[in-house]
Structures are given as C-alpha cells and as structure tokens.
Amino acid sequence: QRQVSPRQFPFAQGAIALLTNPSNPDSSLTYEELLSLCRGVQPGPKGFSGVVLENTASGISHYLLDLLGQSSFSGPVYALADKSEIFEYLKANPGALALVDWAEFSDSDDRQRQEQLREFARVGITRPADSTQYGYLYPDQYSLQDNRYPLQRTWQFASSSGRSDLGLGFASFV
C-alpha cells in the first residue's frame with residue numbers, strides 16, 4: 001500500500017452562472033435568496049419557482065451543497081441529464097433558474113455559444129450580506145479577477161504521484 005497523500009494545486013478560476021427564461025420578470029437575486037430557494041424556504045424569491053442543475057454528481061451540485069451545508073437538496077432543485085435538457089427546461093418553464101458552468105459561455109469568439117446564451121436572460125447576484133457589496137454581479141473576467149463574484153470557485157489539479165511528473169508539469173503549464 002502506498003503512503004502518498006494526494007496534493008492539490010489550483011490552476012484556474014471558474015464561476016457558476018445563473019440563467020433564466022427571458023420572460024421571467026426577475027433578473028436579479030441576493031445571495032441569501034438563492035440559498036433560500038435551494039433550501040425550499042417558502043415563499044421563495046419572486047419570479048423563481050425552482051433551480052435546475054446538470055446532474056447531482058456535477059461539481060456545481062457539490063459546490064452548492066457545500067454552500068448550503070447539506071448532504072442532499074431539500075428544495076425545488078431538479079437535476080437533468082445534460083445542458084441541452086436544461087435549456088429546453090428553461091424555455092418551457094419561465095420561473096426556472098439554471099445554474100451552469102460559465103466556462104462554456106465565456107468565450108466571446110464562439111458564435112454558437114454566444115447565440116445560445118442570447119436565448120436566455122442572465123441573472124445577477126449579490127455577494128453574501130456580511131461582505132462588501134458591489135451591487136448585482138455577473139460572471140466575467142473582471143469580477144473573477146477581482147474576486148467579487150460570489151459563485152466563483154477554484155479549479156484544482158490533484159496529484160498523488162509523490163513527485164514531479166507529466167501531470168504536474170501540465171498543471172504548471174496551464
């Protein structure tokens with residue numbers, strides 16, 4: 001049995017974006033309202049009836065459960081098989097709020113993704129009440145660079161080799 005503990009190395013910043021149907025009258029949430037909606041506290045924020053995620057084993061799901069301090073979802077949180085199902089669900093349910101990885105839409109040169117993003121409304125979110133406020137924020141390179149966006153997360157590379165190797169070299173390169 002090996003006695004090597006995995007080491008983690010941060011290599012990128014990511015964010016979770018909030019999207020909704022363009023006909024939803026609400027385009028913003030406070031951080032606390034998002035957590036209340038995910039916990040199923042009634043009444044939920046006006047304009048939002050539930051949260052939809054890609055799947056319960058995704059990084060977004062685990063991140064949200066950590067924020068909630070729970071091991072499973074208790075509110076109106078639905079997991080769908082993939083992003084195409086999420087987008088169809090958003091189109092059919094104006095009160096739905098989708099949590100998606102912003103990395104898929106952050107490339108402004110990708111016409112297909114930008115056209116897909118135009119079909120939905122982005123939802124702004126505040127920082128937690130006990131932190132410095134900057135109004136309603138959206139994930140973009142500036143709010144991530146300044147560590148202002150509240151649903152920001154650090155991507156980690158894990159190495160259990162116990163020495164410098166090809167994988168660690170790749171993580172250093174990135």
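Our structure's up above, just so we're on the same page.
My aim in this report is to walk through the structure given alongside it, one point at a time. (Residues numbered from 1 in each chain as written. Predicted model: local features only at pLDDT ≥ 70, side-chain atom pairs only at ≥ 80, totals over all residues. Heavy atoms only, no water.)

Some thoughts on the overall build of the chain
Counting its secondary structure elements, the chain contains 6 helices and 8 strands. Counting helices and strands in the order they occur from the N terminus, the chain gives β-β-α-β-α-β-α-β-α-β-β-α-β-α. Pairs at least 24 residues apart make up 73% of the contacts formed inside the chain by residues separated by at least 6 positions. Of the roughly 9900 Å² of accessible surface on the chain, a fraction of 48% belongs to carbon and sulfur atoms. (Helix = DSSP H or I, 4+ residues; strand = E, 2+ residues; numbered from the N terminus. Contact = heavy atoms within 4.5 Å. Areas by Shrake-Rupley, 256 points an atom, 1.4 Å probe, with all protein chains shown as cover.)

Let's talk about the pattern of salt bridges
By the definition in use, this model includes 6 salt bridges. The salt bridge partner of K83 is E54, with a shortest N-O separation of 2.3 Å. Placement of K83 in helix α3 (residues 83-92) and of E54 in the loop between β3 (50-53) and α2 (59-68) is noted, with a sequence separation of 29 residues between them. Since its relative accessible area comes to 24%, E54 is described here as partly exposed. E88 serves as the salt-bridge partner of K91, at 3.7 Å between the closest nitrogen and oxygen. With a gap of 3 residues between them, K91 and E88 both fall in helix α3, about one helical turn apart. Counted as one network, the salt bridges with shared partners bring together E54, K83, E104 and R113. (Salt bridge = Lys/Arg side-chain N within 4 Å of Asp/Glu carboxyl O. Buried < 20%, exposed > 50% of the residue type's maximum accessible area, 1.4 Å probe, protein only.)

Let's talk about the layout of surface pockets
One number sums up the size of the largest pocket: a volume of about 200 Å³. Those elements that provide at least two residues to the lining of the largest pocket are β1 (7-20) and α5 (141-145). Class assignment for the residues of the lining of the largest pocket results in 6 nonpolar, 4 polar and 1 charged. (1 Å grid on protein atoms, 1.4 Å probe; cavity = no way out; pocket = protein on both sides within 12 Å on 5 of 7 lines; lining within 4 Å. Points joined across faces, edges and corners; volume = space filled by probe spheres on them. Nonpolar A, V, L, I, M, F, W, Y, C, P; charged D, E, K, R; others polar.)

Comments concerning the pairing of β3
A regular strand carries its side chains on alternate faces of the sheet. Residues of β3 alternate between two faces, with G50 and V52 on one and V51 and L53 on the opposite face, all of them buried. As paired elements, β3 and strand β4 (residues 77-79) share 3 bridges and run parallel to each other. Bridge pairing links V52 to Y78 in β4. (Pairing = 2+ DSSP bridges.)

Comments concerning the packing of aromatic side chains
Taken as a whole, this structure holds 2 aromatic pairs when the rule is applied. Summarising the aromatic geometry, the rings of Y78 and Y89 are spaced 6.2 Å apart at their centres and angled 45° between planes, so their arrangement reads as tilted. Residue Y78 is found in strand β4, and its partner Y89 is found in helix α3; the two are separated by 11 residues along the sequence. Looking at R148, its charged tip hangs above the ring of Y134, at a distance of 3.8 Å from the centre. (Phe/Tyr/Trp six-rings, centres within 6.5 Å; stacked < 30°, edge-to-face > 60°. Lys NZ or Arg CZ within 6 Å of the ring centre and 35° of its normal.)

Regarding the environment of N21
Following the sequence through the fold, N21 ends up in the loop between β1 and β2 (28-29). Apart from residues no more than four positions distant in its own chain, N21 is found in contact with L90, K91, N93, P94, A96 and A121. Separated by 2.9 Å, the side chain of N21 and the backbone nitrogen of S23 make a polar contact. (Polar contact = N/O pair within 3.5 Å; in protein donor to acceptor, adjacent residues only side chain to side chain.)

Honestly, it's all geometry; don't read function into it.
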